Amino acid sequence: MSGRKQPAVPAEVIDYIFRRLEIKKLRNHIDRQERENRKLSGRLEQAQKSIRAAESGIREQKQAIDRISGRIGTLEQKERDSREFAEHSLNLVKELYQALEKMEMERFFPREFGTYTDQIRNMEANLQNGQYQACTALAQNWHTLLARDVPGIEQTCIEGQALEIELNDSFDQVAKMMNITLVKREFSTKQGANQVVDIEIPLWAEKEWLAAKQEFENARKLKTGLGRMNLDQMKELERLLDTVVDRVNHAGFSAEGAFIRYIRKMDLQSDIAEKMVRRGFEVVDNLFQEDDPRLNNILLMENERGEKILVNIGEEADELSMEVDFNTLDPLTHAQRLEGIMAAVGAKDYATVRGYENRPAEEHFFDLARYRERKV
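### Overview of the overall build of the protein
Each helix and strand in the protein was counted, giving 12 helices and nine strands. Restricting to contacts in the protein with at least 6 residues of sequence separation, those with at least 24 account for 70%. Of the roughly 19800 Å² of accessible surface on the protein, 46% is carried by carbon and sulfur atoms.

Quick look at the structure:
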């Protein structure tokens, strides 16, 4: 006989809550599908219009570049040494430069854009120094570089501007997601009535929710520079928003699981108390550790002979755990009483706390004040 026993609560005992209370989802707020919805949110009608407008603007600049480049390529060879030819070439290059600016080349290709900028300065210096042939040669070099670079510039700029629109939309969606801190669930009671419960995510998954909030603050800070980001930087923000969504989902799942385990604890202690009352015990008190429903449920019972039984229902690794303490080693208490408690939780076996193989639990185990003491 032992004064402290730990019944092995089956892992599937949590599934019992789904069968008996028939949980029904009212609102699919926290779900992994939310991640896919967020990714697709940038393709909603309004976002699509903005993306199409950005693409159209870039392609217009690409067409302008093609036209201007064509004009450079058709300039007559005999005019190459003249100032007029050099000035004309410089003006055409400056038109190309303005088109590249409108495509936001400097944002997405800062190094290459710097090369183009330097060449314009060199052309201006050559023109000022009367080096017309060198000026026109640089204009031809522009023509060659653009033929090589513009397709990639166009594609990247289209992708970048589209991603910026989607990220703005995605951030708004995630911000709304962060403001929804309740998960609604409907429970069918034993009497058949339906009861709607709001599960508070920050309460039932405090650690997980704080982690989600921290990641969101990181995303908020990063987003302040969105309009200046290149493609790689925007993809980093996209990954960070994905992380926020994952953490919010995790917090929601954790909150729902913690709330279900809370209900299961209440259900278990009710069944245990009912069985023990039939065996001559009275419920002295039933409380949650530190008056916190997220912590252990403590049930203290006593019969007229002064025999005390304390049931401590807690959690380990998101599964329910239990300890049953006896203040006596009475054979009847340890047979019928323990049998009834194990039957209430569906336990088939139990472990004895080491050191209590042949002695009862100390009296202080049954002092409920020790469970109400809040941690400092």
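Now that the structure has been shown, the text picks up again.
### Describing the pattern of salt bridges
Where charged atoms from two side chains of opposite charge approach closely, those side chains can pair. Going through the model one piece at a time under the given rule, you end up with 24 salt bridges. Notably, a salt bridge pairs Asp-118 with Arg-121, separated by 3.2 Å at the nearest N-O pair. Taken together, the residues Asp-118 and Arg-121, both in helix H6 (residues 110–128) and three residues apart, mark about one turn of the helix. As a salt-bridge pair, Glu-215 and Arg-247 come within 3.5 Å of each other at their nearest N and O atoms. Within this pair, whereas Glu-215 is found in helix H9 (residues 206–223), its partner Arg-247 is found in helix H10 (residues 231–278), the two being separated by 32 residues in sequence. On the basis of relative accessibility, which here comes to 34%, the residue Arg-247 falls in the partly exposed class. Beyond isolated ion pairs, a larger network of salt bridges with shared partners links Arg-4, Glu-323 and Asp-325.

### Quick notes on the nonpolar core
Counting 55 residues, the largest nonpolar core has Leu-100, Met-123, Trp-142 and Met-234 as its most contacted members. When contributions to this core are tallied by element, the ones reaching two or more residues are helix H4 (83–102), helix H5 (105–108), H6, helix H7 (132–179), strand E4 (194–200), helix H8 (201–204), H9 and H10. Here this core takes 15 residues from H7, the largest share from any one element. Leaving out residues up to four positions away in the same chain, Trp-142 has contacts with Val-93, Leu-96, Tyr-97, Leu-100, Tyr-116, Gln-119, Ile-120 and Met-123. If you look at the next biggest cluster of nonpolar residues, it comprises 21 residues, including Met-301, Val-311, Met-322 and Leu-338.

### A look at the packing of aromatic side chains
The tally for this structure, following the rule as stated, stands at seven aromatic pairs. Taken together, the ring pairs in this structure connect Trp-204, Phe-259, Tyr-262 and Phe-288 into an aromatic cluster. Taking the ring centre of Tyr-356 as reference, the NZ or CZ of Arg-359 above it sits at 4.0 Å. Directly above the aromatic system of Phe-365 lies the positively charged group of Arg-370, at a separation of 5.1 Å from the ring centroid.

### Section: the sheet that holds strand E1 (residues 4–7)
Read from one edge to the other, the open sheet built from six strands follows the order E5-E6-E7-E8-E1-E9, with strand pairing classed as antiparallel. Edge positions in the open sheet fall to strand E5 (281–288) and strand E9 (350–352), since each of these has one partner strand only. Sheet twist, expressed as the average angle between the axes of neighbouring strands with direction ignored, equals 20 degrees. One ladder, built from three bridges, connects E1 with E9; its direction is antiparallel. Looking at E9, one finds that Pro-7 is bridged to Tyr-350.

### Things to note about the packing of H7 against H9
Here H7 crosses H9 at 150 degrees, and the two axes come no closer than 11 Å. Classified by the angle between their axes, H7 and H9 sit roughly antiparallel to one another. Crossing angle aside, the handedness with which H7 passes H9 is left-handed. Between H7 and H9, the residues in contact are Asn-168, Phe-171, Val-174, Ala-175 and Met-178 and Trp-209, Ala-212, Lys-213, Phe-216, Ala-219, Arg-220 and Lys-223, respectively. A breakdown of the residues in the contact of H7 with H9 according to their chemical character gives eight nonpolar, one polar and three charged.

### What about H9?
An ideal rise of 1.5 Å per residue puts 26 Å on 18 residues; H9 measures up with 25 Å between its terminal C-alpha atoms. Every buried residue of H9 is accounted for by Trp-209, Ala-212, Glu-215, Phe-216 and Ala-219. The arc that holds the buried residues of H9, viewed along the axis, is 125 degrees, so those residues lie on one side. Relative to its buried face, H9 has exposed residues pointing more than 90 degrees away, namely Lys-207 and Lys-221. Lining the buried residues of H9 we find H7, H8 and H10.

### Structural notes on the pairing of strand E7 (residues 308–316)
For E7, a buried count of seven out of nine residues is recorded, marking the element as mostly surrounded by other parts of the structure. One ladder, built from six bridges, connects strand E6 (residues 297–303) with E7; its direction is antiparallel. Pairing of Leu-299 across the sheet is with Val-311, part of E7. Counted along the chain from E6 to the antiparallel partner E7, the turn is four residues long, and its residue Gly-306 has a positive phi close to 85 degrees. Strand direction decides the pairing type here: E7 and strand E8 (residues 319–326), joined by eight bridges, are antiparallel. Residue pairing for E8: Leu-310 is matched across the bridge by Asp-325.

### Thoughts on the confidence of the model for the protein
Do not read the predicted coordinates in detail wherever pLDDT is low. This prediction gives the protein a mean pLDDT of 80; 78% of its residues lie at or above 70. The spread of mean pLDDT over the elements of the protein runs between strand E2 (residues 24–25), the lowest at 41, and H9, the highest at 95. Across residues 16–33, where pLDDT falls below 50, the model places 50 contacts with residues more than four positions away in sequence or in other chains.

### Details of H6
With 19 residues, H6 extends 27 Å between its outermost C-alpha atoms, agreeing within 8% with the 27 Å of an ideal straight helix rising 1.5 Å per residue. Residues of H6 that are buried: Phe-113, Tyr-116, Thr-117, Gln-119, Ile-120, Met-123, Asn-126 and Leu-127. Lining the buried residues of H6 we find H4, H5 and H7. At the C-terminal side of H6, Gly-130 shows a positive phi close to 80 degrees.

Cut-off values and rules
- Residues numbered from 1 in each chain as written.
- Predicted model: local features only at pLDDT ≥ 70, side-chain atom pairs only at ≥ 80, totals over all residues.
- Heavy atoms only, no water.
- Helix = DSSP H or I, 4+ residues; strand = E, 2+ residues; numbered from the N terminus.
- Contact = heavy atoms within 4.5 Å.
- Areas by Shrake-Rupley, 256 points an atom, 1.4 Å probe, with all protein chains shown as cover.
- Salt bridge = Lys/Arg side-chain N within 4 Å of Asp/Glu carboxyl O.
- Buried < 20%, exposed > 50% of the residue type's maximum accessible area, 1.4 Å probe, protein only.
- Core = buried A, V, L, I, M, F, W, Y, C linked by side-chain atoms within 4.5 Å.
- Phe/Tyr/Trp six-rings, centres within 6.5 Å; stacked < 30°, edge-to-face > 60°.
- Lys NZ or Arg CZ within 6 Å of the ring centre and 35° of its normal.
- Pairing = 2+ DSSP bridges.
- Axes fitted to C-alpha atoms, helices over the stretch in contact; angles between N-to-C directions.
- Parallel < 35°, antiparallel > 145°, perpendicular 65-115°, else oblique.
- Left-handed = near helix turned anticlockwise from the far one by under 90°.
- Nonpolar A, V, L, I, M, F, W, Y, C, P; charged D, E, K, R; others polar.
- Expected span 1.5 Å × (residues − 1).
- Arc of directions from axis to C-beta.
- pLDDT = per-residue confidence, 0-100.

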